[in-house]
Amino acid sequence: MDVITKEEQKMTQEFTLFNDLYMSKFFEDFNEGVELILRLILDREDLVVQEVKVQDRIINFLHHSTCLDVLAVDASGKKYNIEFQVGSFSNLPKRSRYYAGEIDHGMLEKGEEYESMEEVYVIFICDGDVMKCGRPMYHFTMKDEMGTELEDGRHVLFLNANYPGDWKLKDLMDDLKSADPEQMRYDVLKKRTEYFKKKEEGRMRVCEGMMDWYNTRNQKEREQWEKKLKLQKKEADEQLVKKMLAGGEPIEKIMEYSSLSREEIERIRKDLA
């Protein structure tokens, strides 16, 4: 991409970190920014981020695959998943459970003891109150009915970026929601935003990401459409086969008029018997 259109420039200026495309570019190779966010949320000045992956897809060939917004690993091996969530919150408790399980998968090498498993944090930064209890942040760990901690190392946090009151993370939440670097409080996030909003190289990276996203979406839509057409064609063929079988037509003739194999036609005939 050599030229950025006015429409693309306008979209780039309006993006916040609650936009998936912009968020993925913003945190790409940006350990410092992820480190700042985690230090503030978890109140841990000693936390050092060693690795960051964005839009990290955990492929599961047998079950539901997962795409994580931001996955970070600190110097001790603890893992942190940060998700930016807009709109629907009803599935977040179960989703957080699944994400934590997927992150855990493969953490132990063969022969390693369970005690070597590091802590996992799944953090949802939302544009509303997930639990509807009027609090800006919820930090869940596993406890019994008496409040005894299981200490299994799993943490789930829900943050309300739109909490109306004053609280310790209000400035951070406002920065994450802001599209204008001039309104940001934290220099680390402000400078990164200025790069993507004001520098030609940064704007180009966002626009190239937009094009990649558009092409990927179009490919998925084409694949879905082709799959739908194949399904409709198969259903139409099955209806034709049923009519021809009911009329006493031989299988050889039916095969000439449909795309179904002899085995498929035999199966339909058995079902009709």
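Up top is the structure.
Treat the numbers as computed from the prediction; the structure is a model and nothing was measured. (Residues numbered from 1 in each chain as written. Predicted model: local features only at pLDDT ≥ 70, side-chain atom pairs only at ≥ 80, totals over all residues. Heavy atoms only, no water.)

Visitor: Tell me about the nonpolar core, residues and numbers included.
Guide: Formed by 42 residues in total, the largest nonpolar core has its most connected members in F27, I41 and I125. Of all hydrophobic cores here, the second largest spans 17 residues; its members include L68, V130, Y138 and V156. (Core = buried A, V, L, I, M, F, W, Y, C linked by side-chain atoms within 4.5 Å. Buried < 20%, exposed > 50% of the residue type's maximum accessible area, 1.4 Å probe, protein only.)

Visitor: Can you lay out unusual backbone geometry for me, pointing to particular residues and giving the numbers?
Guide: Phi at D29 takes a positive value of approximately 55°, unusual for a residue other than glycine. When its relative accessible area of 69% is taken as the criterion, D29 is described as exposed. One non-glycine residue, Q55, lies in positive phi territory at about 50°. Here Q55 is to be found in strand 1 (residues 49-58). (Helix = DSSP H or I, 4+ residues; strand = E, 2+ residues; numbered from the N terminus.)

Visitor: Describe the sheet that holds strand 2 (residues 66-74), naming the residues involved and giving the relevant values.
Guide: Sheet architecture is open: 6 strands sit in the order 1-2-3-4-6-5, paired in mixed fashion. Of all strands in the sheet, those bounded by a partner on one side alone are strand 1 and strand 5 (137-140). Neighbour to neighbour, the strand axes of the sheet diverge by 20° on average, direction disregarded. Judged from the 8 bridges that link them, strand 1 and strand 2 form a sheet pairing that is antiparallel. Bridge assignment links V54 to a residue of strand 2, and that residue is V70. Against the sheet, helix 4 (residues 92-104) makes contact with strand 1, strand 2, strand 3 (79-85), strand 4 (120-126) and strand 6 (154-160), and its axis sits at roughly 145° relative to strand 4, the strand it touches most. (Pairing = 2+ DSSP bridges. Axes fitted to C-alpha atoms, helices over the stretch in contact; angles between N-to-C directions. Contact = heavy atoms within 4.5 Å.)

Visitor: Which residues make up the pattern of salt bridges, and what values do they have?
Guide: Counting across every chain of the model gives 20 salt bridges. Among the salt bridges present, the one from E35 reaches R39, with a minimum N-O distance of 3.6 Å. Pair noted here: E35 and R39 are both in helix 3 (residues 31-42), with a separation of 4 residues, about one helical turn. Given a relative accessible area of 17%, E35 falls into the buried group. Between R39 and E45 there is a salt bridge, with its nearest N and O atoms 3.9 Å apart. Via salt bridges that share partners, K170, D171, D174, K177 and R185 belong to a single interconnected network. (Salt bridge = Lys/Arg side-chain N within 4 Å of Asp/Glu carboxyl O.)

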